[in-house]
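Listed here are the chains, written in short residue letters.
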Amino acid sequence: MPATAPRSGPIPGRGGVCVLQVNGVGITFGGLVALDSVSLEVRPQALFSVIGPNGSGKTTLFNIISGFYRPRAGQVLFDGNDITGLPPHLVARRGIYRTFQNINLFANMTVLENVLAGQHCQAETRLARCILPFGRNWAFEQQEARECLDRVGLHTRASELAGNLSYGDQRRLEIARVLAGKPQLILLDEPTAGLNPSEKTGASKLIQGLVKDLKITVVLVEHDMSVVMGISEEILVLNHGRVIARGSTEEVRNHPQVIEAYLGRRKGA
Ligand code: ADP
Ligand code: MG
């Protein structure tokens, strides 16, 4: 199997064939309702975006899907299985990987070592390799890690320290690291934050390639509207922890509540 192939096919979800379902999720912090009755359905190999003003609950939603937060209400289903409340490492083992809004690399390790660290979540595979008579296959693991670097265009930088890469390349390395886990679904939290326009274009192409070439489902949280409108198939809009719109780029772009949330006034007002 190639290093970046998805693990398994989709199974029918409640609302048709979908790989990820979030049903009525809610969470509060102290008195603050960060998410309230949020639901979404993501089809396999979709490029699905979640947008909304700062503090609207986008990262919190990712934290719930990836097991960092346990919701006080609602469910998360992946491949039809309830994964609500599973700890992050078990969510990852199911095939859901994420990046973080703030870059989160091992700055003093090499680029290649960072990707090898991303293979860690494949605990079953490693255990199987450990008990095989030939032990672990370092050459194989390195080859897979290099394929991930190749995918993001960093194959010539493998032996450099991650901390020495440009901001744009560090964001690419984060994607290579999640690819090392052989994800079926990737959650990307503001992957183009801080990038210049040409880096953003490159990042958009890279993200589209994950879906088209590697058949991975991508859920994207993104601030840059030109990126979102350029690559998303479906968009969900949050405001103050609630879903205010969902649909195609056109539907969302012209939605009065979305315009109001972003511009603070109704269209035409
Ligand atoms: P976004 O990613 O859309 O900018 P967040 O999901 O980070 O927004 O935050 C949504 C709201 O929840 C914010 O008001 C934020 O302060 C609050 N919040 C998120 N995580 C925590 C936490 N661990 N403790 C307290 N408040 C939190
Ligand atoms: Mg956020």
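Structure: see above.
The structure displayed is predicted, hence computed values, not measured ones.

Colleague: Let's hear about the sheet that holds strand S6 (residues 73-78): which residues, and what values?
Modeller: The four strands lie next to each other as S4-S3-S6-S7, forming an open sheet whose pairing is antiparallel. Pairing within the sheet leaves two strands with one partner each, and these edge strands are strand S4 (32-42) and strand S7 (81-82). Packing of helix H1 (residues 58-65) onto the sheet brings it into contact with strand S3 (20-29), S4 and S6, and relative to S3 it is tilted by some 115 degrees.

Colleague: Outline the environment of Leu-40, listing residues and values.
Modeller: Along the chain, the position of Leu-40 falls in strand S4. Its relative accessible area of 3% is what places Leu-40 among the buried residues. As for Leu-40 and Gly-24, which are separated by 16 residues in sequence, their C-alpha atoms are 8.6 Å apart. Setting aside chain neighbours within four positions, we find Leu-40 in contact with Leu-20, Gln-21, Val-22, Phe-48, Leu-61, Leu-236 and Arg-246.

Colleague: Can you lay out the side chain of Lys-200 for me, pointing to particular residues and giving the numbers?
Modeller: Checked against the element boundaries, Lys-200 lands in helix H7 (residues 197-212). Overall, Lys-200 belongs to the buried group, its relative accessible area being 18%. Ignoring sequence-local partners within four residues, the contact set of Lys-200 consists of Thr-192, Leu-195, Asp-224 and Val-227.

Colleague: Please give an account of the site of ligand 1 that cites residues and values.
Modeller: Surveying the vicinity of ligand 1 reveals the residues Phe-29, Leu-32, Ala-34, Pro-53, Asn-54, Gly-55, Ser-56, Gly-57, Lys-58, Thr-59, Thr-60 and Tyr-69. Between ligand 1 and Lys-58 there is a distance of 2.8 Å, counted from an oxygen atom to a side-chain nitrogen or oxygen. Between Thr-59 and ligand 1, the recorded distance is 2.9 Å, taken from a side-chain N or O atom to an oxygen atom. Surface burial for ligand 1 is 64%, taken as the share of its 560 Å² of free accessible area covered by protein chains. The element that contributes the greatest number of residues to the shell around ligand 1 is H1, accounting for three residues.

Rules and cut-offs
Residues numbered from 1 in each chain as written. Chains lettered and ligands numbered in written order. Predicted model: local features only at pLDDT ≥ 70, side-chain atom pairs only at ≥ 80, totals over all residues. Heavy atoms only, no water. Pairing = 2+ DSSP bridges. Helix = DSSP H or I, 4+ residues; strand = E, 2+ residues; numbered from the N terminus. Contact = heavy atoms within 4.5 Å. Axes fitted to C-alpha atoms, helices over the stretch in contact; angles between N-to-C directions. Buried < 20%, exposed > 50% of the residue type's maximum accessible area, 1.4 Å probe, protein only. Near = heavy atom within 4 Å. Polar contact = N/O pair within 3.5 Å; in protein donor to acceptor, adjacent residues only side chain to side chain. Areas by Shrake-Rupley, 256 points an atom, 1.4 Å probe, with all protein chains shown as cover.

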